[in-house]
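Breakdown of the fold
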Amino acid sequence: MIHMNERSSRDLYNVSMELKNMLDGIAHDFYRHREEYLFEVEKLSASTASSMKKTVLKMPLISGASAKEMAGKYEVMRDLEYIRLGLESIMRATHDKVNRSVLFSNWAVQELNVLFDGGKKLLDDLTGYLSQRSENNRTGLEAEADKLIGDCFRFTRQHEDRFINGICTPESSAIYQSMLDAFRDIFRHVKSCVVKVYRY
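So, here is what we can say about the structure in this document. All values reported here derive from a predicted model rather than from experimental measurement.

The next subject is empty space enclosed by the protein. Scanning the entire structure with this criterion turns up one cavity of 30 Å³ or more. Put simply, the largest cavity is a space of about 30 Å³. Around the largest cavity, the lining residues are Phe104, Ser105, Ala108, His159, Arg162, Cys168, Ser172 and Tyr176. Every element with two or more residues in the lining of the largest cavity is listed here: α5 (135-164) and α6 (170-199). Split into classes, the residues belonging to the lining of the largest cavity amount to four nonpolar, three polar and one charged.

Structure below.
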């Protein structure tokens with residue numbers, strides 16, 4: 001496990017909180033089919049990326065930190081960066097959906113309900129885990145992530161069937177699939193992050 005000092009652990013916690021806020025803003029606009037928060041989400045993403053770069057640059061300067069700890073923190077930060085990029089993909093898909101007035105089927109909306117709600121809980125739990133780690137929390141988080149990854153694969157199969165049967169339009173299909181892919185990548189990197197924090 002990474003035995004990080006307080007400053008180091010706080011950096012990861014802060015980034016995780018910002019990622020959760022990004023998803024909250026995206027979900028708000030997705031469900032209301034409007035762009036109220038997406039610009040703020042875009043700004044938050046840019047500021048988060050900037051703070052992550054600064055954190056990586058200052059890693060060698062953190063007093064009392066071992067080389068192993070810093071290597072572990074760098075690996076976790078890289079997973080958090082992939083999560084940020086996945087959230088940006090969902091943000092862009094939501095922007096396209098709103099601007100092109102694309103409507104999703106009830107099935108697609110119900111499936112995205114599962115992923116948005118599950119993603120919010122997962123990022124919330126990840127934030128708590130990064131501040132107070134325990135093996136029980138790790139096991140639960142891994143199980144959460146695995147379930148949501150499985151949901152993404154299941155929803156992809158169901159979506160392909162709907163497309164074949166002419167229920168989805170090519171435009172809505174492309175946007176929806178990009179969201180599924182992004183969610184799956186986010187959940188994979190949450191799991192990777194949790195595993196790495198525990199190992200170092």
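Following the structure, the description resumes.
For Leu130, the location among the structural elements is in helix α4 (residues 106-131). Its relative accessible area of 0% is what places Leu130 among the buried residues. The spatial distance from the C-alpha of Leu130 to the C-alpha of Val197 is 8.1 Å, given a sequence separation of 67 residues.

Turning to the packing of aromatic side chains, a few remarks are in order. All told, the structure shown has seven aromatic pairs when counted by the stated rule. With 5.3 Å between their ring centres and 80° between their planes, Phe30 and Tyr31 make a pair best called edge-to-face. On the accessibility criterion, Phe30 (4% relative accessible area) is buried. On the basis of relative accessible area, Tyr31 is assigned to the partly exposed category, the value being 35%. Ring-pair connections join several aromatic residues into one group, and the members of that group are Phe30, Tyr31, Phe104, Phe116, Tyr176, Phe183 and Phe187. Over the aromatic face of Phe30 sits the side chain of Lys97, whose NZ or CZ is 5.0 Å from the ring centroid. When the ring centre of Phe104 is taken as reference, the NZ or CZ atom of Lys97 above it lies at 5.4 Å.

Scoring rules and cut-offs
Residues numbered from 1 in each chain as written. Predicted model: local features only at pLDDT ≥ 70, side-chain atom pairs only at ≥ 80, totals over all residues. Heavy atoms only, no water. 1 Å grid on protein atoms, 1.4 Å probe; cavity = no way out; pocket = protein on both sides within 12 Å on 5 of 7 lines; lining within 4 Å. Points joined across faces, edges and corners; volume = space filled by probe spheres on them. Helix = DSSP H or I, 4+ residues; strand = E, 2+ residues; numbered from the N terminus. Nonpolar A, V, L, I, M, F, W, Y, C, P; charged D, E, K, R; others polar. Buried < 20%, exposed > 50% of the residue type's maximum accessible area, 1.4 Å probe, protein only. Phe/Tyr/Trp six-rings, centres within 6.5 Å; stacked < 30°, edge-to-face > 60°. Lys NZ or Arg CZ within 6 Å of the ring centre and 35° of its normal.

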